Amino acid sequence: MSSSRNSSVPSLVLNNSVTIPQLGFGVFQVPPAETQKAVEAALEAGYRHIDTAAAYRNESGVGAAIKASGIAREELFITTKLRNGEQGQAAAAFDNSRRELGLDVIDLYLIHWPVPSQGLFVDAWKALEKIHSDGGARAIGVSNFLTDHLRTLLDSADVVPAVNQIELHPTFQQTEVAAKSRSHGIAVEAYSPLGQGSDLNKPAVTEVAEKRGVTPGQVVLAWHLASGNIVIPKSVHPERIRQNLEAASLQLTPGELAAISALDGVARIGADPAVASFSQM
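Residues numbered from 1 in each chain as written. Predicted model: local features only at pLDDT ≥ 70, side-chain atom pairs only at ≥ 80, totals over all residues. Heavy atoms only, no water.

**Student:** Just to check I follow, could you spell out the packing of helix α5 (residues 147-156) against helix α6 (residues 175-183) for this structure?
**Tutor:** In a pair of packed helices, the angle between the axes and the distance between the axes together describe the arrangement. Relative orientation of the contacting elements α5 and α6 amounts to 20°, with a least axis distance of 9 Å. If you check the angle between α5 and α6, you find them roughly parallel. Across the interface between the two elements, Thr 147, Leu 150 and Arg 151 from α5 touch Glu 176, Val 177, Lys 180 and Ser 181 from α6. (Axes fitted to C-alpha atoms, helices over the stretch in contact; angles between N-to-C directions. Helix = DSSP H or I, 4+ residues; strand = E, 2+ residues; numbered from the N terminus. Parallel < 35°, antiparallel > 145°, perpendicular 65-115°, else oblique. Contact = heavy atoms within 4.5 Å.)

Structure, rendered in structure tokens:
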């Protein structure tokens, strides 16, 4: 397998000077038994940024693919996340994720959800700050944090999160949360970037795809990249995996970007972080 980074994928510099490939490969809802094969296909296609989580129960498959690839560790950017039910044991949970992945250092470690009903996310952040200062994670951040959660965290934080990973797609852009994050130098990362497929049939998307001879998914991913979002599409199909990566070479016009941005609405697909309280255990 080639060890060279895909040169067409842009990178962003996080607020602690760590560089992250802007387009990555997510493994949410990829069955554990299929994860190694899917990640190997992604690495073969040229992805160098892989996003997993303890809650997905497929960290070991990601680790196996990394080991099998032969790609130098410094060429890869690996993200994983702290499960909600382990916010009180973040150090032990982090060590378990490292073991599952077979890695000494994680590039980005996130609090997966705020779970405000637990009242533990500030304590968990303090544990992540120590993980970071000890060199276990090159960057730390949060996921699914709304503006009030960010405000509470920043009031106590010594380290500003590098990333806020949120549900974000053309029909649900979370402009307030994104703006709040960016105002503090926190990069915005989009999960469910295609609206789990629901945004792909919008005329603003399909018309561009037909005109350019590309897929609707590539159009939406190109919109994310042009908008400054880090984006982590998921697929288990090798051809789709390659197509998604090729979106990095697609440049949309200002008019095309504006038409897609105009799709914004209130169509949240996932759980509401204000009330979500599942343990993920």
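There is more to say, and it comes next.
**Student:** Got a minute to help me understand the side chain of Gln 87 in this structure?
**Tutor:** Relative to the assigned elements, Gln 87 resides in the loop between β5 (77-82) and α3 (90-101). Of note is the side chain of Gln 87, whose polar atom sits 3.3 Å from the side chain of Gln 118. For Gln 87, the side chain forms a polar contact with the main-chain nitrogen of Phe 121, separated by 3.4 Å. Sequence-distant contacts of Gln 87, defined by excluding residues within four places in its chain, comprise Leu 82, Ile 111, Trp 113, Pro 114, Val 115, Gln 118, Leu 120, Phe 121 and Ala 124. (Polar contact = N/O pair within 3.5 Å; in protein donor to acceptor, adjacent residues only side chain to side chain.)

**Student:** Help me out: how do you make sense of the nonpolar core in this one?
**Tutor:** Here is a general trend for soluble globular proteins: nonpolar side chains tend to be buried in one another's company. Residues Phe 25 and Tyr 109 are the most contacted members of the largest nonpolar core, which totals 67 residues. Considering every element that reaches this core, the biggest residue donor is helix α8 (residues 216-227), with six residues. Aside from chain neighbours lying at most four places away, what touches Tyr 109 is Thr 80, Lys 81, Leu 82, Ala 90, Ala 93, Phe 94, Leu 128, Ile 131, Ala 137, Ala 139, Ile 140 and Gly 141. By size, the runner-up hydrophobic cluster in this structure holds eleven residues, among which are Val 18, Ile 20, Phe 77 and Leu 110. (Core = buried A, V, L, I, M, F, W, Y, C linked by side-chain atoms within 4.5 Å. Buried < 20%, exposed > 50% of the residue type's maximum accessible area, 1.4 Å probe, protein only.)

**Student:** When you look at the pairing of strand β7 (residues 137-143) in this model, what are you seeing that I'm missing?
**Tutor:** The two faces of the sheet receive side chains in turn, since in a regular strand these alternate between them. Counting buried residues in β7 gives six out of seven residues, a clear majority hidden from the surface. By the bridge criterion, five bridges tie strand β6 (residues 106-111) to β7 in an arrangement that is parallel. Looking across to β7, one finds that Tyr 109 is bridged to Ile 140. Crossover handedness for the path β6 to helix α4 (residues 121-133) to β7: right-handed. Pairing of β7 with strand β8 (residues 163-167) involves two bridges; the strand directions are parallel. Within β8, the residue paired with Ser 143 across the bridge is Gln 165. (Pairing = 2+ DSSP bridges. Right-handed = clockwise from strand over helix to strand, strands pointing away.)

**Student:** Got a minute to help me understand the side chain of Lys 180 in this structure?
**Tutor:** Along the chain, the position of Lys 180 falls in helix α6. This buried residue, Lys 180, is left without a salt bridge; Asp 155 holds the nearest opposite charge, at 7.8 Å. (Lys, Arg positive; Asp, Glu negative; His and termini not counted. Salt bridge = Lys/Arg side-chain N within 4 Å of Asp/Glu carboxyl O.)

**Student:** Would you take a moment to explain unusual backbone geometry for this structure?
**Tutor:** Negative phi characterises most residues that are not glycine, and trans characterises most peptide bonds. In this structure, Arg 57 takes a positive phi of about 60° despite not being glycine. With respect to the element layout, Arg 57 can be found in the loop between β4 (49-51) and α2 (59-69). Of note, the phi angle at Val 115 is positive, near 45°, even though the residue is not glycine. With respect to the helices and strands, Val 115 occurs in the loop between β6 and α4. Accessibility expressed as a relative area gives 1% for Val 115, which makes it buried.

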